Amino acid sequence: MEDDVSFLDTKRVSSSVYHSTDDLEAFELEVQEVQPRKVLREQSLFFQDGDRTVDFVLAWDNRMPLANTEAAERKRAAFEEQLSQELQLETEEAEEGSALTFVKIHVPIDVLKKYAEILKLRMPMKEEGKIQSGSKRNLLLRTTKYISQKIPAFQEVHAKTHSLMDSVQSAVDKLLGYIYVDTANFPQKGHRFTAVYSRTKEYLFDTESEFFTPAIRSRIVDFILDRTYYEDKSLDPNALGINRLITEGVYSAAYPLHDGDLKVPGSQRYLLYHEWASVKRCFRYQPLDYIKDYFGVKIGLYFAWLGFYTHMLLPASVVGLICFAYSWITLPHNKPTEDICNKNGNESIWMCPLCDHWCDYWDLRETCFHAQVTYLFDNPSTVFFAIFMSFWGAMFLELWKRYSAEITHRWDLTSFDINEEHPRPQYLMRVARFSKNRTRKNSITLEEEPYVPFWSLRLPATVFSFSVVLLLVLLALAAVLGVVLYRVSVLAAWHGLKAEVETSSVILITSVTAACINLCCIVIFNWFYMWLAERLTEMELLRTQTEFDDSLTLKIYLLQFVNYYASIFYIAFFKGKFVGRPGEYNRIFHYRQEECGPGGCLMELCIQLAIIMVGKQAVNTLLEMVYPLYYKWVNTIKVKTGISDSQKELKKPLQWCKDYKLVEWGPSSLFDEYLEMVLQYGFVTIFVAAFPLAPFFALLNNILEMRLDAKKLLQFYRRPVTQRVRDIGVWYRILDSIGKLSVITNAFIIAFTTDFIPRLVYKYVVSENGSLEGYLDFSLATFNVTDFEDGSRPLMLGSEHVEVCRYPDFRMSHNDSNKYAKTDLYWHILAARFAFVVVFENVVALVMILVRWCIPDVPRVLRAQIRREAYLTNEMIIAKEAQRARGDKPSPSRSARSTSSLPGGSRSRISSNGPVAV
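Residues numbered from 1 in each chain as written. Predicted model: local features only at pLDDT ≥ 70, side-chain atom pairs only at ≥ 80, totals over all residues. Heavy atoms only, no water.

J.: Any chance you could explain the sheet that holds strand β1 (residues 56–61) here in plain terms?
T.: Reading across the sheet, the four strands line up as β2-β3-β1-β6 and stay open at both edges, with antiparallel pairing between neighbours. Only two strands of the sheet have a single partner each, and these edge strands are β2 (88–92) and β6 (253–255). Between one strand axis and the next, the sheet turns through 20° on average, direction left out of account. As paired strands, β1 and strand β3 (residues 100–106) are joined by six bridges and run antiparallel to one another. Considered in β3, the bridge of V57 is made with K104. (Pairing = 2+ DSSP bridges. Helix = DSSP H or I, 4+ residues; strand = E, 2+ residues; numbered from the N terminus. Axes fitted to C-alpha atoms, helices over the stretch in contact; angles between N-to-C directions.)

J.: I keep staring at helix α10 (residues 288–295) and nothing clicks. Help me out?
T.: Think of an α-helix as 3.6 residues a turn; residues three or four steps apart then line up on the same face. Of all eight residues that make up α10, seven are buried, and the element is covered over most of its length. All of the buried residues along α10 are L288, D289, Y290, I291, K292, Y294 and F295. Packing partners of the buried residues in α10 comprise α9 (268–275), α11 (297–330), α14 (380–410) and α23 (694–715). Where α10 ends, the next residue or the one after it, G296, has phi of about 105°, a positive value. (Buried < 20%, exposed > 50% of the residue type's maximum accessible area, 1.4 Å probe, protein only. Contact = heavy atoms within 4.5 Å.)

J.: What exactly am I supposed to notice about the packing of α14 against helix α24 (residues 730–753) here?
T.: For any two helices packed against each other, the geometry comes down to the angle between their axes and how far apart the axes lie. Packing of α14 against α24 leaves a shortest axis separation of 10 Å and a crossing angle of 170°. With respect to α24, the element α14 is oriented roughly antiparallel. Contacts from T382, V383, A386, S390, F396, L397, E398, W400 and K401 of α14 reach α24 at Y732, L735, D736, V743, N746 and I750. Classifying every residue of the contact of α14 with α24 by side-chain character gives nine nonpolar, three polar and three charged. (Parallel < 35°, antiparallel > 145°, perpendicular 65-115°, else oblique. Nonpolar A, V, L, I, M, F, W, Y, C, P; charged D, E, K, R; others polar.)

J.: Help me understand the pattern of salt bridges in this model?
T.: Charged atoms that come close allow side chains of opposite charge to pair. Counted under the stated rule, the structure contains 32 salt bridges. A salt bridge links R281 to E275; its shortest N-O distance comes to 3.2 Å. For R281, a relative accessible area of 26% gives the class partly exposed. Members of the salt-bridge network, linked through shared partners, are E398, K401, D736, K740, R852 and D857. (Salt bridge = Lys/Arg side-chain N within 4 Å of Asp/Glu carboxyl O.)

J.: When you look at the state of the cysteines in this model, what are you seeing that I'm missing?
T.: Covalently bonding the sulfur atom of one cysteine to the sulfur atom of another cysteine gives a disulfide. Following the criterion strictly, the structure yields two disulfides and no others. In this model, C341 is linked to C368 through a disulfide, with the two sulfur atoms separated by 1.9 Å. One disulfide, between C341 and C368, carries an S-S torsion of 105° and so falls in the right-handed class. Of this pair, C341 sits in helix α12 (residues 335–341) while C368 sits in helix α13 (residues 368–377), placing them 27 residues apart in sequence. Like C341, the residue C368 is buried in the burial classification. (Disulfide = S-S within 2.5 Å.)

J.: Would you explain unusual backbone geometry in this entry?
T.: Positioned with a positive phi, K120 is a non-glycine residue whose angle comes to about 55°. With respect to the element layout, K120 can be found in the loop between α4 (109–118) and β4 (122–124). For Y820, which is not glycine, the phi dihedral falls at a positive 65°. Mapped onto the fold, Y820 is located in the loop between β16 (804–808) and α27 (824–854). With a relative accessible area of 5%, Y820 lands in the buried category.

J.: Mind showing me how you'd approach the packing of helix α22 (residues 669–685) against α24 here?
T.: With their axes 9 Å apart at the nearest point, α22 and α24 run at an angle of 20° to one another. Compared by their axis directions, α22 and α24 come out roughly parallel. Here the hand of the crossing between α22 and α24 comes out right-handed. In this structure, α22 uses F671, Y674, L675, V678, Y681, G682 and T685 to contact α24, whose residues at the interface are W731, I734, L735, I738, S742 and N746. (Left-handed = near helix turned anticlockwise from the far one by under 90°.)

Structure representation (structure tokens):
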């Protein structure tokens, strides 16, 4: 339609500058040259009459065996006959060389009004006044202005300062111009008064403008298609919905059209692709209102949340980089690391073997690199960063609630209730099978709906579903145990081969390969989890799409949480914590447990985090672009679309043919995008004490991810049917739970995985000069090699000269009467660890409570504006009702007048026993 408007504007402007007859003839020839392009544009997005828009398209392939059966033809005929009672259909028969048939659908205006009332859509009202947003008075500005006016001496100062501020403001505005939304391409949209549409009060609404947008039209058609029967309901209550027809192969696809080509200017799709999805625009804010108008509220809200999350990662990344830089600067001054790496010392520190029988004693100096890397993530800045990220998580959620309140108000979602949603078609089919003649009136919609018994149907299905989820959780834990056994066997194999490799290198190689194997297991399990979780959720008989999505989200995230984080939790909290001591190891199935390296398990934890987080993001980004590209290529190879001679000359196929080759965007396709970001949020918050660079890597990924997701939606996928939601749903509760869990995990990582508490105790309790001089010897216990258990003594040649080996623990010496017993300092350090956890959690919790109290969910100004708009809306309705009561009939709207002019019988009869099952 935009091309048509621009064409008419060109004609109007051009005709005004032609004054002579020759000029007018030249203009008419110019119009004749432009006219074929206009007609082609109408053929691509309109019916053959060039007036009625194509609101939806059904397609089926003659080459498919299931589509050519007699039953398929009968179902198609019955389905389209039912649709024709309310919708207008136009068939594009398969041309020569083509196996496709397209059925174009147009919604008449009276049907749009009917279903706008059924769906309780909020539509723009006639403007009787402007919405005024609240504004705060700047007390400082008013005071300065008053002083400058009353005191003459300040006037000159004010003039110079004002000139300087203008220059600074100009420079800042120029800089921000490269960041804010480009208003030349995306003009700012004003807020309109809206109300729930009612045909009995149509005089309240602004039907003169584009009242029913393409997004609303496609949504109404999709609602009708999902609830239309293609066979007699009494014979088969499940015989309804376009989704089932596509599953049975009767139709190949059903989709709304994109509004234009990516290479031809003039469409919203072209504008979004080049000005929003381009990686060159990655530093600009997103045009959220235009994204919402094109893709719908659900997708628009996802990009709003992703943009806000990426924006909030900026301060976290900066602080993380500062802490990492601090660790680099202070590394040469760290006394324990210097003691380990001091190769000038004449005396070697021999450590006890890491495995039975095959492992030999090893020199502590071999782990110099290990100790240096560990210090980069285990230093005094670690505690500060963990506290900062705990506060950051609370601020992120509170600020998002405020930002979300502004978005939901601007997009007219404030009063939306999920109970107003109509039942899912899949729910109606399954319930009809179990709950015949069982109906109950919905308290919100006041409509009769099938009733699902709780004790006999819903409870058993829910119990079974979550039992299977629990079984899968145990399966994921078993996979982690397998990776642990791999590490144990590889360490034993390295030493058994008598390879001349340093112990620190063996530990590093084993940790890297184990993390890669764990990542592969995660990817494989994910595919299976997604497939099974959808079927389990379908068994629970959930009424609305929102309830279905929330239940599916909870299941899959629980599985993914265990899948991704189980190995990390094992390294952080269990590995090396219960191994025992030399000569008395705690064994499982006669095998020794894994031990941490001399610097603790923190380095292995960092490696595991980095590989799984960065590797997962890299793999997901690659797959997200390769998969739709591959499927689009496959569809292009399979599909032979017939193109007429005139189109071949212009080399421009019809829009419905091009969109058919694209990949389908399902109702749960956005789930993968949320899941990826929420898992990343877990890495950024839950284990940030062990990996301060996590926010920085997340920021780099999200800057690219945001634009790639946009490009993928616009280029590779069919246009989604718009969906209405109020917020990000259960994802917010998951994020809130992650934030609370992160406080606990970071406290325990600092207290029990790092050496922060032992160093603190040594520095302020044991050391005489308050330094870490001698801390290395303090943290290592001694063991007499003659006390080894039978079968665990090293058999390596050259180990006879070692009489005493060292191991990290706080125990009595082998020379003491109560040898190898826990020292008093061990219990002091343990008490200090638990005390730190308690203090850390309570301080952070107190600050989080204060943050939530200080930051209201809805800004005060916005709350006042919402109340004012509600008041003005009621005043407008009262005024219109009073005008109508006096007998002043409002003039008929343009949309109502145009109803009779629509060809094909737009005023079709709407039977009360129509095809739609609401």
